[in-house]
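Inside the fold
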Amino acid sequence: MRYDRAAKTAALATDIEVEDHMADYQYNRVLLKISGEALMGEHEYGIDTETVTRIAGEVAAAHEKGLQIALVIGAGNIFRGLSAQATGIERSTADYMGMLATVMNALAMQSALEQIGVPTRVQSAIPMQTVCESYIRRRAVRHMEKGRVVIFAAGTGNPYFTTDTAAALRAAEMDCDALLKGTQVDGVYDSDPKTNPDAVRYETLSYHKVLSDDLKVMDASAIALMRENNIPIIVFSLQEMGALDAVMAGHGTSTIIKA
Ligand code: UDP
């Protein structure tokens, strides 16, 4: 193949531009956990395409700057093992159903991201090779290095876990700089900001305080895993435009949970 100096120079210029942007960012590789409920929009159930497209736009904006992003999406908008158990379905079976529901959400997000030009791969912890890739850690890392957004589906692949724990596990495996938890509120408050106008948002919190005060940020197992691996958890609002980008740059409104 002929050496094309012009193409090489253009590619290098793009690399330098991306690196310039990267200097502005505190976190270069992150795992973003999105709860299933965040995809419902105004509805009480299911997937609201407009909302998925809006969140995909947030991810695309951060991705455009050259940041490496992986996603874990829950399934509370479709199916929760614990609630289904109450209706008489055996717990493990109900949990497998919950995990399958996360695959639906992952495919919806993949579709939304690809429609706006973001290359993605879905990797499922439960192999289903006609639908998506199976989870292979080294392959996922490679995808991210190549600029693809990786969406991890089917949680941990095990019943009795949640997608919060799956997010923490993948964040550790992918050697992420931070675990971002996108929620409906812009951080962790000392009381419910929806009912108490005087509620105060914590700027930072220690893993220890979150665990000992049983603050409902994420599952205890997810917090413990992040503590062991010293990965900060950043709780922020996915409702606000540009919040993801701001948080990755190290500013923006959030609560940072660290040692
Ligand atoms: N689930 C599971 N193992 C996992 C992840 C999820 O069994 O590793 C099941 C569990 O039944 C859970 C459901 O999938 O209720 C949906 O996940 P989650 O409740 O974490 O979704 P979110 O609250 O984030 O929308």
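Each value, and the rule that gives it
- Residues numbered from 1 in each chain as written.
- Predicted model: local features only at pLDDT ≥ 70, side-chain atom pairs only at ≥ 80, totals over all residues.
- Heavy atoms only, no water.
- Buried < 20%, exposed > 50% of the residue type's maximum accessible area, 1.4 Å probe, protein only.
- Helix = DSSP H or I, 4+ residues; strand = E, 2+ residues; numbered from the N terminus.
- Pairing = 2+ DSSP bridges.
- Near = heavy atom within 4 Å.
- Polar contact = N/O pair within 3.5 Å; in protein donor to acceptor, adjacent residues only side chain to side chain.
- Areas by Shrake-Rupley, 256 points an atom, 1.4 Å probe, with all protein chains shown as cover.
- Nonpolar A, V, L, I, M, F, W, Y, C, P; charged D, E, K, R; others polar.
- Phe/Tyr/Trp six-rings, centres within 6.5 Å; stacked < 30°, edge-to-face > 60°.
- Lys NZ or Arg CZ within 6 Å of the ring centre and 35° of its normal.
- UniProt positions renumbered as here; feature names shortened; annotations may be inferred.
- Contact = heavy atoms within 4.5 Å.
- Axes fitted to C-alpha atoms, helices over the stretch in contact; angles between N-to-C directions.
- Parallel < 35°, antiparallel > 145°, perpendicular 65-115°, else oblique.
- Left-handed = near helix turned anticlockwise from the far one by under 90°.

**Thoughts on the pairing of strand E8 (residues 233–237)**
Within E8, five of the five residues are buried, which leaves it mostly tucked inside the rest of the structure. Side-chain alternation along E8 places Ile233, Val235 and Ser237 on one buried face and Ile234 and Phe236 on a second face that is also buried. One ladder, built from five bridges, connects strand E6 (residues 178–183) with E8; its direction is parallel. The residue of E8 that forms the bridge with Lys181 is Val235. Where E8 and strand E9 (residues 255–258) come together, three bridges link them in antiparallel fashion. Bridge pairing in E9 places Ile233 opposite Ile257.

**Some thoughts on the site of the ligand**
Contacts to the ligand come from 19 residues, most closely from Arg80, Asp95, Thr156, Asn158 and Thr163. In this structure, Gly81 approaches the ligand through a main-chain N or O atom, which is 2.9 Å from an oxygen atom. Side-chain polar atom of Asp95 to an oxygen atom of the ligand: 2.6 Å apart, as the coordinates give it. Calculation on the ligand without its partners gives an accessible area of 520 Å², and the protein chains cover 93% of this total. For the shell around the ligand, the class distribution of residues is five nonpolar, 11 polar and three charged.

**Comments concerning the packing of aromatic side chains**
The final tally for this structure, using the stated rule, is one aromatic pair. A ring pair is formed by Tyr135 and Phe152, whose centres lie 5.6 Å apart and whose planes are at 80°; its orientation type is edge-to-face. Taken as a pair, Tyr135 in the loop between strand E4 (133–134) and helix H5 (137–145) and Phe152 in strand E5 (residues 149–153) lie far apart in primary sequence, 17 residues in all. Using a relative accessible area of 19% as the deciding quantity, one classes Tyr135 as buried. Residue class for Phe152 comes out buried when judged on its relative accessible area of 3%. Lying across the ring of Tyr135, Arg170 places its NZ or CZ 3.6 Å from the centre. One Lys or Arg, Arg170, reaches over the ring of Phe152 and ends 5.6 Å from the middle of that ring.

**Looking at unusual backbone geometry**
With the exception of glycine, the majority of residues adopt a negative phi angle, and the majority of peptide bonds are in the trans configuration. One non-glycine residue with positive phi stands out, namely Tyr160, at about 70°. Its location among the elements puts Tyr160 in the loop between E5 and helix H6 (163–173). Residue classification places Tyr160 among the exposed residues on the basis of a relative accessible area of 52%. Positive phi, normally seen in glycine, also occurs at Asn230, with a value near 55°.

**Regarding the UniProt feature "binding site: ATP" (unreviewed entry) in the chain**
Per the UniProt entry, the sites bearing "binding site: ATP" (unreviewed entry) are Lys33, Ile34, Ser35, Gly36, Gly76, Arg80, Thr183, Gln184, Tyr189 and Asp192 in this numbering. Separation in sequence by 160 residues is matched in space for these annotated residues, since their most distant C-alpha atoms are 25.7 Å apart. Relative to the assigned elements, Ile34 resides in strand E1 (residues 29–34). Owing to a relative accessible area of 0%, Ile34 belongs among the buried residues under this scheme. With respect to the helices, strands and loops of the structure, Gly36 is situated in the loop between E1 and helix H2 (49–64). Beyond its immediate stretch of four places on either side in the chain, Gly36 contacts Gly74, Ala75, Gly76, Asn77 and Asn105.

**Remarks on the packing of H2 against helix H4 (residues 91–115)**
Where H2 meets H4, the closest approach of the two axes is 9 Å, and the angle between their N-to-C directions is 60°. As summarised for this structure, H2 and H4 are arranged oblique, according to the angle between their axes. Classified by chirality, the crossing of H4 by H2 is right-handed. Facing H2, whose interface residues are Val52, Thr53, Ile55, Ala56, Val59 and Ala60, H4 presents Ala108, Met109, Ala112 and Leu113.

**Some thoughts on the UniProt feature "binding site: UMP" (unreviewed entry) in the chain**
Mapped onto this numbering, the UniProt entry gives "binding site: UMP" (unreviewed entry) at Asp95, Thr156, Gly157, Asn158, Pro159, Tyr160, Phe161, Thr162 and Thr163. Taking the farthest pair of C-alpha atoms as the criterion, the annotated set spanning 69 residues converges on one region, since that pair is 11.0 Å apart. Accessibility expressed as a relative area gives 14% for Gly157, which makes it buried. With near-sequence residues (within four places) excluded, Gly157 lies in contact with Tyr96, Met99, Ala125 and Ile126. Here Pro159 shows up in the loop between E5 and H6. Once residues within four sequence positions are removed from consideration, Pro159 is found in contact with Ser92, Asp95, Tyr96 and Met99.

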